[in-house]
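Chain by chain, the residues run as shown.
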Amino acid sequence: MQKINYGRLLDEKLAELKKSGEKPKLLLHACCAPCSSHTLLYLYEYFEITVYFCNPNIAPEEEYEFRKSELKRLISELGLSVRVIDEDYDPQPFYDLARGLEELPERGERCRRCIEYRLRRSGELAKKLDMDLFTTTLTISPHKDCEYINECGGRLSEEVGVPYLFSDFKKHDGYKHSIELSRKYNLYRQNYCGCIFSRRASENG
Ligand code: SF4
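Visitor: I'd like a description of the sheet that holds strand 3 (residues 83–86), backed by residues and values.
Guide: Pairing is parallel across the open sheet formed by four strands, whose spatial order is 3-2-1-4. Edge positions in the sheet fall to strand 3 and strand 4 (133–136), since each has one partner strand and no second. Averaged over all neighbouring strand pairs, the angle between strand axes comes to 25°, with direction disregarded. Both strand 1 (residues 25–29) and strand 2 (residues 48–53) contribute to a ladder of five bridges, which runs parallel. Residue Lys25 lies in a different strand from strand 2, and its bridge partner there is Glu48.

Visitor: Any chance you could break down the site of the ligand for me, citing the residues and the numbers?
Guide: The full set of residues close to the ligand is Asn57, Glu106, Arg110, Cys111, Cys114, Ile115, Cys193, Gly194, Cys195, Phe197 and Ser198. Looking at which element gives the most residues to the shell around the ligand, the answer is helix 5 (residues 109–128), with four residues. Of the residues assigned to the shell around the ligand, the class counts are six nonpolar, three polar and two charged.

Visitor: I'd like a description of helix 3 (residues 61–78), backed by residues and values.
Guide: Taking 1.5 Å as the rise per residue, helix 3 with 18 residues should run 26 Å; its terminal C-alpha atoms sit 26 Å apart, in good agreement. Listed in full, the buried residues belonging to helix 3 are Tyr64, Arg67, Lys68, Glu70, Leu71, Leu74 and Ile75. Buried residues of helix 3, viewed axially, fall in a sector of 155°; they line one side. Those residues of helix 3 that are exposed and aimed more than 90 degrees away from the buried face are Glu61, Glu62 and Ser76. Contacts made by the buried residues of helix 3 are with helix 2 (33–43), strand 2 and strand 3. Phi turns positive, to about 70°, at Gly79, one or two residues after helix 3.

Cut-off values and rules
- Residues numbered from 1 in each chain as written.
- Predicted model: local features only at pLDDT ≥ 70, side-chain atom pairs only at ≥ 80, totals over all residues.
- Pairing = 2+ DSSP bridges.
- Helix = DSSP H or I, 4+ residues; strand = E, 2+ residues; numbered from the N terminus.
- Axes fitted to C-alpha atoms, helices over the stretch in contact; angles between N-to-C directions.
- Near = placed C-beta within 6 Å.
- Nonpolar A, V, L, I, M, F, W, Y, C, P; charged D, E, K, R; others polar.
- Expected span 1.5 Å × (residues − 1).
- Buried ≥ 20, exposed ≤ 12 C-beta atoms within 10 Å, placed from the backbone.
- Arc of directions from axis to C-beta.
- Contact = placed C-beta atoms within 7 Å.

Structure, rendered in structure tokens:
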């Protein structure tokens, strides 16, 4: 089966919006400040953005709070008019979904469930807030399965009844730009994905 070019789908959507002059309401799930940097700047002129920090996978709690505060600092320093919704720390839903999958490597079933959980919560919030679309910053990471993220978003979109904005934010040097922005704004760049299992894997090399 031919691979879908999600980067092109996004570009086509942005071109359509530019032509129409519409500025739809977008709920953007954000995993951290570095991944949000390029993504926010890339989308800002096209959407009225609400950022949603929903990441019960992150451990320990200090790490969670720090990633959240870095995201808020970035938005403030970029001077963007963006609403931020965040969650208090509650990792239990993540440990429930990861049970029995603790030892799996990244991009396996634990990660698929972790991504699906965060996307579902984002879709549900988008529905509740009457958003026009929802999406996630996660496709900027070269470590993540872009195809899975988009397939999952498309499936959940039907479930929750809110269109999903397909993306591949790595395109147009998006990932490189996020590294440059991280340097410019002195953002904390974590050396593990987020959960305690990925932290152990990173510590064990
Ligand atoms: S490695 Fe990352 S995506 Fe996978 S389960 Fe852990 S936090 Fe989630």
